[in-house]
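So the chains spell out like this:
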Amino acid sequence: MSTFEFQLHFQLPDGEADPELWLDALFEAGCDDALVGLASHGYLSLDFNREAPTAWEALQTAVRDVKTAIPEARLVSAGPDLLNLSELAELMTDRLAKVTRQAMRKYAKGEVKRTATRFPSPRVSGGTPLWHADEVLAWMMENRKIQATSEPAQSLITLASAIRMLNSTKEYHQSRAAAPELIQKAEQLLVS
């Protein structure tokens, strides 16, 4: 068994008076390994420290437990996934090895000469670009910036990949339900 640290963000059902009423239900449903946050009205965030055989099973059981406690809750996103350079540095420093924000900036700008491959492209551009955590972790391992053979590094990249797939699949299904004809056209465009 491994312990996986991740976040789940849910939209709560409309019209519920007091989200704090769900705290006992979440605990009883198996979320006793999570810190629950109710910062934004109508939303719930949980920081899990879940033991499971695989990252996917940790995510799957956590989502199931939340939906058992609050059946109408809708998963908005899971993390860590899309992060800025400061958040990426913090993630690696907290869980693997010290990586500074300045080092992350240099990697992203291609200012480090001893790398085998180019730093991944941001998935969201603009004032604060965002990268998929699993892509950056894989790059860091490939370029020997973090120890690729360590169990914590392998566990974190497996978790970040599973979270990315969960978020991507959720987005795909929402888009397909909202505009099936556009999804079909987009799929044709990507294939050709």
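Fair warning: this is a prediction, and the values are worked out from it, not measured in the lab. (Residues numbered from 1 in each chain as written. Predicted model: local features only at pLDDT ≥ 70, side-chain atom pairs only at ≥ 80, totals over all residues. Heavy atoms only, no water.)

Trainee: Is there a simple way to think about the packing of helix 3 (residues 85-95) against helix 5 (residues 133-142) in this case?
Mentor: In a pair of packed helices, the angle between the axes and the distance between the axes together describe the arrangement. Direction vectors running N to C along helix 3 and helix 5 enclose 60°, while the axes themselves pass 11 Å from each other. The pairing of helix 3 with helix 5 is recorded here as oblique in orientation. Crossing geometry of helix 3 relative to helix 5 is assigned as right-handed. Each of Leu88, Leu91 and Met92 in helix 3 lies in contact with helix 5, whose residues at this interface are Ala133, Val136, Leu137 and Met140. Residue composition of the contact of helix 3 with helix 5, grouped by class: 7 nonpolar, no polar and no charged. (Axes fitted to C-alpha atoms, helices over the stretch in contact; angles between N-to-C directions. Helix = DSSP H or I, 4+ residues; strand = E, 2+ residues; numbered from the N terminus. Parallel < 35°, antiparallel > 145°, perpendicular 65-115°, else oblique. Left-handed = near helix turned anticlockwise from the far one by under 90°. Contact = heavy atoms within 4.5 Å. Nonpolar A, V, L, I, M, F, W, Y, C, P; charged D, E, K, R; others polar.)

Trainee: Whenever I open this one, helix 3 confuses me. Can you help?
Mentor: Each full turn of the α-helix corresponds to 3.6 residues, which orients residues three or four apart in the same direction. All buried positions along helix 3 are accounted for by Leu85, Leu88, Ala89, Leu91 and Met92. The arc that holds the buried residues of helix 3, viewed along the axis, is 160°, so those residues lie on one side. In helix 3, the exposed residues that point more than 90 degrees away from the buried face are Glu90 and Asp94. Of the surrounding elements, those touching the buried residues of helix 3 are strand 5 (82-83), helix 4 (101-109), strand 6 (131-132), helix 5 and helix 6 (151-178). (Buried < 20%, exposed > 50% of the residue type's maximum accessible area, 1.4 Å probe, protein only. Arc of directions from axis to C-beta.)

Trainee: Looking at this structure, how should I read the pairing of strand 3 (residues 43-52)?
Mentor: Sheet faces and side chains relate simply in a regular strand, where the side chains alternate between the two faces. Burial of the side chains of strand 3 is restricted to one face: Leu44, Leu46, Phe48, Arg50 and Ala52 are buried, whereas none of Tyr43, Ser45, Asp47, Asn49 and Glu51 on the reverse face is. Strand direction decides the pairing type here: strand 1 (residues 2-11) and strand 3, joined by 10 bridges, are antiparallel. Opposite glutamine 11, over in strand 3, you have tyrosine 43 as the bridge partner. Here strand 2 (residues 34-37) runs beside strand 3; their pairing, made up of 4 bridges, is antiparallel. Residue pairing in the sheet places valine 36 in a bridge with leucine 46 of strand 3. (Pairing = 2+ DSSP bridges.)

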